[in-house]
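Coordinate analysis (summary)
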Amino acid sequence: MTETIATDAGDARVTWHRAKEPRLVLAVGHGAGGGIEARDLQALAAVLPGHGVSVALVEQPWRVAGKKVAPAPKTLDVGWRGIWPAVASSGLPVISGGRSAGARVACRTATELGARAVLALGFPLHPPGRPEKSRAGELLGAGVPTLVVQGGNDPFGRPEEFPEGDYDLVQVPYGDHGLAVPKRAELTQEQALAVVTDAVLRWTGSLG
């Protein structure tokens, strides 16, 4: 089921993959370079509902409007705040999630929106080749239980670059920023996505 939601940043779109007997909702947004067709988002939407987690794939207004370039972070936050009442309407705890730029949005807004937790897929710790431009403060400031799923070869921040903090980090071996693995890797793309879904399932099980 897909619904269009008016926000102060324009119309957003939410595509639901509902669990039969949900105990949690995962609302997850896309990055600045793609949409909800991202491989990790689709994998989560396919697997989690069978384990009691409804998944809401959220398209930011700029994507719905057909624009090619994401707006400023504060505008992304406005769009995310706008969809929150819809994803929280069931009264179930909501995990705020996203990949890349969407992960930053989830971290920045988690406390004010009352998120149960944050799922950060491919958190862009810094621009490629610019480690001095760290965004660690956003991650460390989420204020709720947080899981980072990061590619081992992500140019936006390899797992070993992440600071110590009160969050969990799972590495996808050989994965790039989109969690794609090269053909020569010791695991297949399917196995890499299983690392993601297995980690998220274990983590959501710990949240209730």
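For the structure itself, consult the block above.
The rules behind the values
Residues numbered from 1 in each chain as written. Predicted model: local features only at pLDDT ≥ 70, side-chain atom pairs only at ≥ 80, totals over all residues. Heavy atoms only, no water. Helix = DSSP H or I, 4+ residues; strand = E, 2+ residues; numbered from the N terminus. Rg over C-alpha atoms; globule rule 2.2 N^0.38 Å. Buried < 20%, exposed > 50% of the residue type's maximum accessible area, 1.4 Å probe, protein only. Contact = heavy atoms within 4.5 Å. Core = buried A, V, L, I, M, F, W, Y, C linked by side-chain atoms within 4.5 Å. Axes fitted to C-alpha atoms, helices over the stretch in contact; angles between N-to-C directions. Parallel < 35°, antiparallel > 145°, perpendicular 65-115°, else oblique. Left-handed = near helix turned anticlockwise from the far one by under 90°. Nonpolar A, V, L, I, M, F, W, Y, C, P; charged D, E, K, R; others polar. Phe/Tyr/Trp six-rings, centres within 6.5 Å; stacked < 30°, edge-to-face > 60°. Pairing = 2+ DSSP bridges.

1. Section: the overall build of the protein chain
The secondary structure content of the protein chain amounts to six helices and eight strands. If you list the helices and strands of the protein chain from N to C, you get β-β-β-α-β-α-α-β-α-β-α-β-β-α. On C-alpha atoms alone, the protein chain measures out to a radius of gyration of 16 Å, which is about the 17 Å that the 2.2 N^0.38 rule sets for 208 residues. Seen through its principal axes, the protein chain has C-alpha atoms that stretch 40 × 35 × 30 Å. For the protein chain, with 208 residues in total, the buried portion stands at 52%. Considering only intrachain contacts with a sequence separation of at least 6, the fraction spanning at least 24 residues in the protein chain is 62%.

2. As for the nonpolar core
Ranked by size, the top nonpolar core spans 35 residues in total, and within it Trp80, Ile83, Val87 and Phe123 carry the most contacts. Elements that contribute at least two residues to this core include exactly strand 2 (10-17), strand 3 (24-29), strand 4 (53-59), helix 3 (73-87), helix 4 (101-113), strand 6 (117-121) and helix 5 (136-140). By residue number, the principal contributor to this core is helix 4, which donates seven residues. Core analysis: the next-biggest nonpolar cluster, separate from the first, contains 31 residues, Val53, Val170, Ala199 and Leu207 among them.

3. Description of the packing of helix 3 against helix 4
Orientation of helix 3 relative to helix 4, taken along the N-to-C sense of each, is 60°, at an axis distance of 9 Å. The orientation of helix 3 relative to helix 4 falls into the category oblique. Seen from above, helix 3 lies across helix 4 with right-handed handedness. Touching Pro73, Leu76, Asp77, Trp80, Arg81 and Trp84 of helix 3 are Ala101, Val105, Arg108, Thr109, Glu112 and Leu113, all from helix 4. Looking at the contact of helix 3 with helix 4 residue by residue, the class counts come to seven nonpolar, one polar and four charged.

4. A few points about the packing of aromatic side chains
For the coordinates displayed, the defined rule picks out two aromatic pairs. Arranged with centres 6.5 Å apart and planes meeting at 55°, the rings of tryptophan 80 and tryptophan 84 form a pair that is tilted. One end of the pair is tryptophan 80 and the other is tryptophan 84, both in helix 3 and four residues apart, which spans about a single turn. The pair formed by tryptophan 80 and tryptophan 84 is uniform in burial state, with each residue classed as buried. Both rings, one in phenylalanine 123 and one in phenylalanine 162, keep their centres 6.4 Å apart while their planes meet at 65°; by these two values the pair is edge-to-face. In this pair, phenylalanine 123 sits in the loop between strand 6 and helix 5 while phenylalanine 162 sits in the loop between strand 7 (146-151) and strand 8 (168-172), placing the two residues 39 residues apart along the sequence.

5. Remarks on the sheet that holds strand 2
Taken together, the eight strands give an open sheet; going across it, the order is 1-2-4-3-5-6-7-8, and neighbouring strands pair in mixed fashion. Edge positions in the sheet fall to strand 1 (2-7) and strand 8, since each of these pairs with one other strand and no more. Strand-to-strand twist across the sheet, computed as the mean angle between neighbouring axes with direction ignored, equals 20°. Two elements, strand 5 (residues 94-99) and strand 6, share five bridges in a ladder whose sense is parallel. Bridge pairing links glycine 98 to alanine 120 in strand 6. Packing against the sheet, helix 1 (residues 39-47) makes contact with strand 2, strand 3, strand 4, strand 5 and strand 6, and its axis sits at approximately 150° to strand 4. Most of the contacts of helix 6 (residues 189-207) go to strand 8, to which it runs at about 165°, and overall it touches strand 3, strand 4, strand 5, strand 6, strand 7 and strand 8.

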